[in-house]
Amino acid sequence: MQGYIQKAETLIEALPYIREFAGKTVVIKYGGAAMRDESRIASFAEDIVLLQFVGIRPVIVHGGGPQIDRLLERLSIPTERRAGLRVTTPEAMEVVEMVLGGTVNKQITALINRFGGRAIGLSGKDASLIRARRYDLPGPDGKPLDLGEVGLVESVDATVISTLEAGGFMPVIAPIGVGDNGEAYNINGDTAAAGIAGALKAEKFILLTDVPGVLDGEKKLISTMTRTAAHAAIADGTISGGMIPKVECGLEALAGGVHKVHIIDGRVPHSVLLEIFTDAGIGTEITRA
Ligand SMILES: Nc1ncnc2c1ncn2[C@@H]1O[C@H](COP(=O)(O)OP(=O)(O)OP(=O)(O)O)[C@@H](O)[C@H]1O
Ligand SMILES: [Mg+2]
C-alpha cells in the first residue's frame, strides 16, 4: 500500500508543472548521438507521449550524425567536419536526406505512435516548413569555409506546425531545408531546432545529447551558462565540436523569444521528464545575461 501512496505522491508533485506547461509548446532537439539504440529511442518516445497526454505540445527536431556516418561509410563516401558541421558534397547530401528524412525520422515517429502518441514525421521540405540558404561560415582567416550543401535557416513557416498541433498531431521534424530553387540543404539539427523554437516562441527548448550538459575544463558539469561565459569557453576551446552549434543555438533561441533553454543528457532514462516535471535542475541551462 505504502508503495502505491508514494506513486500517487510522485504524480501529485508533477501537478504544478503540468499546470504551468499544459497547452504550451516545448521544442525538443533529439541528438543523433543520444539515440544510438532502439531501446533508448523507445524510452524517449514514451516520455514524449506522456507529455502529449498531459496537454503539453512537444515539437521534436532530430539529428542523426552517427547514423549518417554509418551509411556514408558503407557507401565509401568520405566525410569531414569543420567547426562541428559536416562538409556536405552533393553525393553526401543524398545520403543525409535519406537518413534524416527517411530512416531516423520514421523510426522516431513510429515509436511515438506505437506508444499511443499521434506523431507526423516531416522534413523541412514538406510544405516548405524550413526555408534555407547556403551557409558561408567564415574560417579563421576570414575566408568562407566551404561546407558544400550545408544550410542556414532563412525562415520557418510556423503555420505548418500550428495546423498540425490544432489537429492534435505532434510534428517530428528532420533538419533539411529547402532553397529558392527547391534544392535541399543539410542543416545542423540544433540550428534547425533553434529556428523552429524561435518561430514558435516556445516555452522551452530542450537539447538532448550524449553528455551530461556543457562541461568545463575539468569535465565538470556547468549548471548555468551565460552568453559571456559561452563565448569565452568557445574562444578558449573548452567548448568544441558539436557543442559549439548547440550553445550558439541556445543563445540564438533566447534572443528569438524562447523562454528557457536546457542542454541535457539524453542517455539518462526519462531525462525529459526530469527536466520538465522536477526542480532537480539537470544539465546546463543557457541564460541570456
Ligand atoms: N565543453 C563541452 N561540453 C560538453 N560536450 C562537448 C564540449 N566540447 C565538445 N563537446 C562535444 O560535443 C558533443 C555533442 O555534440 P554532437 O553534435 O556530437 O551531438 P548531437 O548534437 O547530440 O548529435 P547530432 O549532431 O547527431 O544531432 C559531445 O559528445 C562532446 O564530445
Ligand atoms: Mg550535433
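For the structure itself, look to the data block above.
The present account deals with the structure reproduced in this document. From a predicted model like this one, the values you see are computed outputs, not experimental measurements.

The next subject is a nonpolar patch on the surface. A contiguous nonpolar surface patch, about 390 Å² in accessible area, is contributed by Met-1, Tyr-4 and Ile-5. Mapped onto the fold, Met-1 is located in the segment before α1 (2-21).

Look at helix α2 (residues 38-53) against helix α4 (residues 90-114): their axes get within 8 Å of each other, and the N-to-C directions meet at 55 degrees. By the angle between their axes, α2 is oblique relative to α4. Like other packed secondary-structure pairs, α2 and α4 cross with a definite hand, here right-handed. Of the residues in α4, those touching α2 at Glu-38, Ile-41, Ala-42, Phe-44, Ala-45, Ile-48 and Val-49 are Gln-107, Ile-108, Leu-111 and Ile-112. Among the residues making up the contact of α2 with α4, the classes are represented as 9 nonpolar, 1 polar and 1 charged.

Moving on: the sheet that holds strand β8 (residues 170-174). The 8 strands lie next to each other as β5-β8-β2-β1-β11-β13-β14-β12, forming an open sheet whose pairing is mixed. Edge strands, defined here as strands with exactly one partner in the open sheet, are β5 (119-123) and β12 (224-226). Taking each pair of neighbouring strands and ignoring which way they run, the sheet shows an average axis angle of 20 degrees. With 6 bridges joining them, strand β1 (residues 25-30) and strand β2 (residues 57-62) adopt parallel strand pairing.

What counts as what
Residues numbered from 1 in each chain as written. Chains lettered and ligands numbered in written order. Predicted model: local features only at pLDDT ≥ 70, side-chain atom pairs only at ≥ 80, totals over all residues. Heavy atoms only, no water. Patch = residues over 30% accessible without salt bridge, like charges linked within 9 Å, V, L, I, M, F, W, Y side chains within 5 Å. Areas by Shrake-Rupley, 256 points an atom, 1.4 Å probe, with all protein chains shown as cover. Salt bridge = Lys/Arg side-chain N within 4 Å of Asp/Glu carboxyl O. Helix = DSSP H or I, 4+ residues; strand = E, 2+ residues; numbered from the N terminus. Axes fitted to C-alpha atoms, helices over the stretch in contact; angles between N-to-C directions. Parallel < 35°, antiparallel > 145°, perpendicular 65-115°, else oblique. Left-handed = near helix turned anticlockwise from the far one by under 90°. Contact = heavy atoms within 4.5 Å. Nonpolar A, V, L, I, M, F, W, Y, C, P; charged D, E, K, R; others polar. Pairing = 2+ DSSP bridges.

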